[in-house]
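# Coordinate inspection notes
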Amino acid sequence: MSALGDATWPQVRQGTILLVPVGSLEQHGPHLPFDTDTTIATAVTQGVAERLAEQGVQSWTAPPIPIGSSGEHQSFPGTVSIGSDALHLVVVELVRSARTWAERVVLVNGHGGNAAALTSAVNQLTFERQTACWLPCRTEEFDLHAGRTETSLMLHLRPEVVRMDLAEPGDTRPLAEILPAMRAGGVAAVSANGVLGDPTGATAAQGAAALTMMIEQTTMDVMAPGGVAVG
């Protein structure tokens, strides 16, 4: 058992690792649910905890931070965002609290829009001599948003909530090409359906392979000397 929410306090030893998934509640095109990023971050976190246990390293997985900084998606109904400043504060206070018993805190991030807040929070915590880092789930190495990789991951993790009958390509240009327009007008400025990529052709098998790779990479980062401090 690694889920902190299911444990009692005598089970939690001083000096363990706390893994915290960080997600979002934002549109993911017409075919994926709003909690896609949270689902993926949680699955990666749970997988990392299992890999650590196999290596004799105890860790606990916290419930996810389910709402992040998603202002770039605010044009799409249903998106809920707390913004970078609020997320920064949540992370700082969470780590300060957990560090009274945890050796270190690792934030596993599933949404690229959270990066600025997580970086600033970790920088502040490092200045305070707290031991914390954040690590990306790395889906954006494959496609940007609600494309084939995220769709495949969700077909593997929660196929019942994926509407492949509604899956359609969005803007498939590289991030560098669309970033100026996105900064000015959000995702809606470049993609009317909210998709950045092409989800057609996604499969659960591709999702399982991507999840394994993300878990293995994140586990290696956690086990690196001193951990990986992104930011």
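Everything here concerns the structure above.
## Describing the overall build of the protein chain
Each helix and strand counted, the protein chain has six helices and four strands in total. If you list the helices and strands of the protein chain from N to C, you get β-α-β-α-β-α-β-α-α-α. In terms of C-alpha radius of gyration, the protein chain reaches 17 Å, essentially the compact-globule figure of 17 Å for 231 residues. Structurally, the protein chain occupies a C-alpha span of about 50 × 35 × 30 Å along its principal axes. Buried positions account for 46% of the 231 residues belonging to the protein chain.

## Looking at the nonpolar core
Within the largest apolar cluster, 27 residues are counted, with the highest numbers of intra-cluster contacts made by Leu19, Val44, Val48, Val106, Leu211, Met214 and Val222. At the level of secondary structure, the elements contributing two or more residues to this core comprise strand 1 (16–22), helix 1 (36–54), strand 3 (102–109), strand 4 (132–136), helix 4 (148–157) and helix 6 (204–223). It is helix 1 that provides the largest number of residues to this core, a total of seven residues. Within the second largest apolar cluster, 23 residues are counted, among which are Ala62, Ile65, Leu118 and Val122.

## Structural notes on the sheet that holds strand 4
Across the sheet, four strands lie side by side as 2-1-3-4; this open sheet has parallel pairing. This sheet does not close on itself; its edge strands, each paired only once, are strand 2 (59–61) and strand 4. The sheet shows a mean angle of 25° between the axes of neighbouring strands, taken without regard to direction. Here strand 1 runs beside strand 2; their pairing, made up of three bridges, is parallel. Counted as the bridge partner of Leu18 is Trp60 from strand 2. On the sheet, helix 2 (residues 83–98) packs against strand 1, strand 3 and strand 4 and is oriented at approximately 150° with respect to strand 3. Packing of helix 3 (residues 115–127) onto the sheet brings it into contact with strand 3 and strand 4, and relative to strand 4 it is tilted by some 160°.

## A closer look at the pattern of salt bridges
Where charged atoms of side chains with opposite charge meet at close range, the side chains can pair. Using the criterion set out here, one finds five salt bridges in the structure. Each of the salt bridges in this network shares a partner with another, and the network as a whole consists of Glu93, Arg96 and Glu128.

## So, the state of the cysteines
Within the structure shown, the criterion is met by zero disulfides. Cysteine Cys133 shares no disulfide, and the gap to the nearest cysteine sulfur, in Cys137, comes to 13 Å. The class of Cys137 is buried, set by a relative accessible area of 2%.

Rules behind the numbers
Residues numbered from 1 in each chain as written. Predicted model: local features only at pLDDT ≥ 70, side-chain atom pairs only at ≥ 80, totals over all residues. Heavy atoms only, no water. Helix = DSSP H or I, 4+ residues; strand = E, 2+ residues; numbered from the N terminus. Rg over C-alpha atoms; globule rule 2.2 N^0.38 Å. Buried < 20%, exposed > 50% of the residue type's maximum accessible area, 1.4 Å probe, protein only. Core = buried A, V, L, I, M, F, W, Y, C linked by side-chain atoms within 4.5 Å. Pairing = 2+ DSSP bridges. Axes fitted to C-alpha atoms, helices over the stretch in contact; angles between N-to-C directions. Contact = heavy atoms within 4.5 Å. Salt bridge = Lys/Arg side-chain N within 4 Å of Asp/Glu carboxyl O. Disulfide = S-S within 2.5 Å.

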